Amino acid sequence: MTNSIRDIAEESQCIFVIGSNTTEQHPVIGTKIRRAKRRRGVKLIVADPRRIDIADYADLHLRHRPGTDIPLLNGLMHVIVREGWHDEAFIAERTEGFEELKAVVEKYPPEVVSEITGVPAEDIEKAARMLAENRPGALLYAMGITQHIIGVANVMSCANLQMLLGNMGVPGGGVNPLRGQNNVQGACDLGGLPNVYPGYQRVTDPAIQEKFERAWGMPLSNQVGLTVTEMLKAAEEGAVRCLYVIGENPMVSDPDLNHVRYSLQQTEFIVVQDLFFTETCQFADVILPAASFAEKEGTFTNTERRIQRVRAAVKPPGEAKSDSWIIAQLAKRMIALGAASPDPDAPHAGWDYESAAEVMAEVNALTPIYAGVTYRRLEAGETPQWPVPGEDHPGTPILHVGKFSRGLGRFVAMDHVPPDELPDDEYPLVLTTGRVLYHWHGGEMTHRARSLEAMYPEALVEIHPKDAEKANIGDGELMKVASRRGEIIAKAQVTDRVEPGLIFTTFHFAESAANFLTNPALDPQAKIPEYKVCAVRVEAVPEGNGADGEAEMEPTG
Amino acid sequence: MDVTLTINGQKVTVPDGSTILEAARYAGISIPTLCHHPDLTNVGACRMCVVSVERARGLQTACTTPVFEGMVVDTESEDARETRKFVLEMLLTDHPNDCMVCEVNGDCELQDLVYDYGVAWPEHRGVRHSYEADPDPNPFIFIDRNKCILCSRCIRACDEIQNRDVWNFAYRGFKTKLVAGADQFLLDARCESCGQCVAYCPVGALYDKMSLGAGRVSQLTKVRTTCSYCGVGCNFDLNVRDGVIVRVTSAHDAPVNGMSLCVKGRYGYDYVHHPDRLTRPLVRAKWLGAEQVEEQVANGNWQIATVAEKYVQPPASGPQPSISDGTFIQTDWDTALDVVARKFTEVKKAHGGDAFAVFASAKCTNEENYLFNKFTRQVLGTNNIDHCARL
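Everything numeric here is computed off the predicted structure, so don't read it as measured data. (Residues numbered from 1 in each chain as written. Chains lettered and ligands numbered in written order. Predicted model: local features only at pLDDT ≥ 70, side-chain atom pairs only at ≥ 80, totals over all residues.)

1. Thoughts on the overall build of chain B
Along its length, chain B carries nine helices and 18 strands. By the compact-globule yardstick of 21 Å for 391 residues, chain B is too spread out, its C-alpha radius of gyration being 30 Å. With respect to the principal axes defined by its C-alpha atoms, chain B has extents near 95 × 50 × 35 Å. The buried share among the 391 residues of chain B stands at 48%. For chain B, the share of sequence-separated contacts (at least 6 apart) that also reach a separation of at least 24 residues comes to 60%. (Helix = DSSP H or I, 4+ residues; strand = E, 2+ residues; numbered from the N terminus. Rg over C-alpha atoms; globule rule 2.2 N^0.38 Å. Buried ≥ 20, exposed ≤ 12 C-beta atoms within 10 Å, placed from the backbone. Contact = placed C-beta atoms within 7 Å.)

Structure below.
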């Protein structure tokens, strides 16, 4: 997030939620939005194909078709520019590329946008006016924006809108992605990405490479590595021989699971490190039992870049060990076997860590945005937001104040690109996927939390009454959903939360995971799969068939 | 604008618009309360905070009465103390005398005040409520209306903090009753099971169902940490008894969330102690050598694990399953780590670092992710590291 939860909750005049089921996925932020709406009277605009819970609280719900975010945003910008509501001073001082943007959004008048998105033209006019008249406004998004083949372009369109309105670098404004996992922000920040070292320092930058070579005492690769989706492909092709899977479950969370299964089967050696015997463990050669968050010391970084302590409350069960212990053990053993020979005189070559604080001290030394995130401060109760360039730096609650990190903010005008797979005669419905309040990600944890599981024990497919009737599917009855890649059987939830032509399900349930169906088409830049749109067909499952909810898991094509 | 008043003979200067209660607390003078909570609007319902104000008619509720210049307040007048005592006695006439077995014994605002004011349990032969305990089938929130003191903190927490309006009062007079929706079950009244109402309940009327009988405040150790679910970064206290997490409680000073939590954060902790947890390393027999497996299994150091459904358990007594190449063996750490280290080293020497790919984890800590990154780049010698940020 460019801004903080607090300033959005307390200072925004308008909150625009697009592609985020906030009250179910980030419930406490959802609560704060509701509170801002009801107590402070902020305007709330929700853009989502489904009538999600937070839409019930909105001043305006723009129910656009999945995969039409760019035309919707362009339509809003068209009206704003047409009416002269854009922030001329901000644009002149702080941005570039406005003329190009103007030329593109020119082509998206509300009537045209209405055709593409299904949103009534007058609602587009109303939303644009609401955004313009209630500044500062914050834009919040989640994977409804990113999980498309044009995910990056979608994000840029969000940024275009906020720059146009002058909503950047001010309290109550900003472009604010809500991060899905407890520490997905931290995993990105601390080098869990193929193209950057900790702190987003590029592996292709020779000066950075040299800095880490000197620190770790080893020559390092300057080749950008593989993303998750590419790793599995490389494993299937034999280029990658060993997979080391730590706290992840690609056999539930990755697209096109039948294909994932095949890739994992082809892999020579797989090590899985986890709390539970996950679906991915079926393909493992070695499984290492890890400690949970309640059993170790460390820090997580939240969606607003705030670093907070994690503390051990209980002991790991049996012989389970913390991930840091395990990885240090492996490192030491491999170094002893000659797999790598780091220069012992390099300042951070070794693997003898006494505590999480010691690891953080190394992070402080090598990662400018975390330089001042010391355990001394954390233990004193501080929870700084990065960048924290020094120990005396207070942290950065709002990014891009006065100046964008790249200098001028660049408008990157975007045209509509339809999703990779659209419905046709054979697969006439659109499937969009997401999550529900009571479960989390692959469900490894929430299925084992007894009360959560009691609330939502099996996969449900949301289908509109019209489509259900057409396919002769009753509420609560089993239905089959098939795409070009696979099929699942799950219970129907007949509801107008979805519109005719659209169905929705989750990937929380391994046996009927949406990801048997999803399209592995990727955004070329971010390599994110298009989970939000694929073409499917549905049919009723006659009683007695597949009554145990078992999924068909064999490849269909 | 500031206002100066006198409380118990002490001069206090506070901003105009402050209440007597705020002014007193600012001056370090305590006034007892039950329905008041600093996060919630004041309703003056319980009458515990009554104080004497010079020249005012009758006692004033400190939580709702604004201060004025020259106001003279006595918080400990005989009149005020007697009234509070009477209020407590009245509450007790319709309250179960079961502190010995009550979940909130030692963590109950009513109990503390009864103690402070030396109230004896009243002889009372009149009508009492006799509600069914735990009448709501939801798996999260326990309700015992017999203990409800009608303070409305839960109603205000749901309305003002959670903004969900699930709770309210229904009926009149003695029959006044805390209800969800139109006297429905919680989940039918759009309850999101966040548990804010429990967190704000001053007595044992609302409690966390999963924590019933699991330990009372004096038996629990609280450890402040950050939630393991979504990226909001809520802080809360894990309540531990005998090495087991038995409850999660929210904390007023949590930087992001304050007292707010969601259903996963407050009630999703028990996976930590689930019997499915992996407790020993598992290695497929083919990486260990048949002879060694046989020997180690025979002498009881290792065990043959069976993959039943989704998880692994060592087989119970009875005949041992046969061992094939693919059988998982529960080994010691040394063995498992050596298998991995040897195989990784062999592959690296033969095929180079890019023959590896590491899935780091959005669930692990910053420090651990740093180490995964260092291990991948320094030891394995590749940049093939990624995690589920895109999924």
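After presenting the structure, the write-up continues.
2. Description of the overall build of chain A
From N to C terminus, chain A includes 20 helices and 22 strands. In terms of overall dimensions, chain A has a C-alpha envelope of 70 × 65 × 40 Å along the principal axes. Across the 557 residues of chain A, 60% fall into the buried class.

3. A closer look at the interface of chain B and chain A
On the chain A side, the residues contacting the 102 residues of chain B number 123 residues. Here the side of chain B that touches chain A gets 14 residues from one element, more than from any other, and that element is helix 8 (residues 333-351) of chain B. Of the residues contributing to the side of chain B that touches chain A, the split by class is 54 nonpolar, 28 polar and 20 charged. For strand 11 (residues 286-289) of chain A and strand 13 (residues 282-284) of chain B, the ladder comprises two bridges, and the chain directions are antiparallel. Within strand 13 of chain B, the residue paired with A:Val286 across the bridge is B:Val283. (Nonpolar A, V, L, I, M, F, W, Y, C, P; charged D, E, K, R; others polar. Pairing = 2+ DSSP bridges.)

4. Overview of helix 8 of chain B
The terminal C-alpha atoms of helix 8 of chain B lie 26 Å apart, and with 19 residues this matches the ideal 27 Å at 1.5 Å per residue to within 8%. Listed as buried for helix 8 of chain B are B:Ala336, B:Leu337, B:Val339, B:Val340, B:Ala341, B:Phe344, B:Thr345, B:Val347 and B:Lys348. (Expected span 1.5 Å × (residues − 1).)

5. Section: the nonpolar core
Proteins that are soluble and globular tend to have nonpolar side chains buried together. Grouped together as the largest cluster of nonpolar side chains are 159 residues, with contacts concentrated most on A:Ile15, A:Leu76, A:Cys158, B:Cys154, B:Cys197 and B:Leu206. Apart from residues lying up to four places away in sequence, A:Leu76 is in contact with A:Ile124, A:Ala127, A:Ala128, A:Leu131 and A:Leu161. In this structure, A:Ala187, A:Met251, A:Leu366 and A:Ala490 belong to the second largest nonpolar core, which totals 131 residues. (Core = buried A, V, L, I, M, F, W, Y, C linked by C-beta atoms within 7 Å.)

6. Digging into the packing of helix 16 (residues 323-336) of chain A against helix 8 of chain B
Viewed as axis vectors pointing N to C, helix 16 of chain A and helix 8 of chain B meet at an angle of 50 degrees, and their least axial separation amounts to 9 Å. As summarised for this structure, helix 16 of chain A and helix 8 of chain B are arranged oblique, according to the angle between their axes. Crossing of helix 16 of chain A over helix 8 of chain B shows right-handed handedness. Residues A:Gln329, A:Leu330, A:Arg333 and A:Met334 of helix 16 of chain A lie in contact with helix 8 of chain B, whose contacting residues are B:Leu337, B:Asp338, B:Val340, B:Ala341, B:Phe344 and B:Thr345. Each residue belonging to the contact of helix 16 of chain A with helix 8 of chain B can be placed in one class, and the counts come to six nonpolar, two polar and two charged. (Axes fitted to C-alpha atoms, helices over the stretch in contact; angles between N-to-C directions. Parallel < 35°, antiparallel > 145°, perpendicular 65-115°, else oblique. Left-handed = near helix turned anticlockwise from the far one by under 90°.)

7. As for the sheet that holds strand 2 (residues 43-47) of chain A
Paired through their backbone hydrogen bonds, the strands of a sheet run either parallel or antiparallel. Residue and element names in this part refer to chain A. The strand order 3-2-1-5-6 describes an open sheet built from five strands, whose pairing is parallel. With one partner strand each, in any of the chains shown, strand 3 (60-62) and strand 6 (175-177) form the two edges of the open sheet. Across this sheet, the average inter-strand angle for adjacent strands is 20 degrees, counted without regard to direction. Bridge analysis of strand 1 (residues 14-18) against strand 2 gives five bridges, and the strand direction is parallel. Bridging from a neighbouring strand, Phe16 pairs with Ile45 of strand 2.

8. Examining the pairing of strand 10 (residues 269-274) of chain A
Residue and element names in this part refer to chain A. Judged by how many residues are buried, strand 10 sits mostly within the fold: six of six residues are covered. The two faces of strand 10 match: Phe269, Val271 and Gln273 on one face and Ile270, Val272 and Asp274 on the other face are all buried. Pairing of strand 9 (residues 242-246) with strand 10 involves five bridges; the strand directions are parallel. Counterpart to Leu243 in the pairing with strand 10 is Ile270.

9. Things to note about the packing of helix 17 (residues 356-366) of chain A against helix 9 (residues 366-380) of chain B
Relative orientation of the contacting elements helix 17 of chain A and helix 9 of chain B amounts to 60 degrees, with a least axis distance of 9 Å. By the angle between their directions, the pair helix 17 of chain A and helix 9 of chain B is classed as oblique. Helix-helix and strand crossings are classified by hand; for helix 17 of chain A and helix 9 of chain B the assignment is left-handed. Note on element contacts: helix 9 of chain B touches helix 17 of chain A through B:Glu367, B:Tyr370 and B:Leu371, opposite A:Ala356, A:Val359, A:Met360 and A:Val363.

10. Some words on the domain arrangement of chain A
Residue and element names in this part refer to chain A. Per the domain assignment, the segments making up chain A are domain 1 (5-178), domain 2 (184-379) and domain 3 (429-540). Inter-centroid distance (C-alpha atoms) of domain 2 to domain 3 is 31 Å. Each partner contributes residues to the interface: domain 2 has 16 residues there, and domain 3 has 18 residues. Per-element tally for the side of domain 2 that touches domain 3: the top contributor is helix 15 (residues 257-266), with three residues. Residue classes in the side of domain 2 that touches domain 3 are distributed as five nonpolar, seven polar and four charged. (Domains from an automatic or database assignment.)

11. Some remarks on helix 12 (residues 206-216) of chain A
Listed in full, the buried residues belonging to helix 12 of chain A are A:Phe212, A:Ala215 and A:Trp216. Mapping the buried residues of helix 12 of chain A onto a view down its axis gives an arc of 80 degrees, with all of them on the same face. Exposed residues lying more than 90 degrees from the buried face of helix 12 of chain A are A:Pro206, A:Ala207 and A:Glu210. Contacts made by the buried residues of helix 12 of chain A are with strand 7 (196-197) and helix 17 of chain A together with helix 9 of chain B. Immediately beyond the C-terminal end of helix 12 of chain A, within one or two residues, lies A:Gly217, with a positive phi of roughly 70 degrees. (Arc of directions from axis to C-beta.)

12. What to know about the pairing of strand 12 (residues 298-301) of chain A
All names here are of chain A. Because side chains alternate across strand 12, one face comprises the buried residues Gly298 and Phe300, and the other comprises Thr299 and Thr301, equally buried. Pairing of strand 12 with strand 13 (residues 307-310) involves four bridges; the strand directions are antiparallel. Note on strand 13: the bridge partner recorded for Thr299 is Arg309. The antiparallel hairpin formed by strand 12 and strand 13 contains five residues in its connecting segment, where Arg305 sits at a positive phi of about 65 degrees.

13. Notes on the environment of B:Arg266
Residue and element names in this part refer to chain B. If you trace the backbone, Arg266 turns up in helix 6 (residues 263-267). Along the backbone, Arg266 and Asp188 are 78 residues apart, and their C-alpha atoms lie at a distance of 20 Å. Filtering out sequence-adjacent residues up to four positions away, Arg266 remains in contact with Cys194, Gly195, Val248 and Leu261.

14. Describing the domain arrangement of chain B
Entries for chain B in the domain assignment read domain 1 (2-90), domain 2 (121-273) and domain 3 (282-390). Here the C-alpha centre of domain 3 of chain B lies 42 Å away from the C-alpha centre of domain 2 of chain B.

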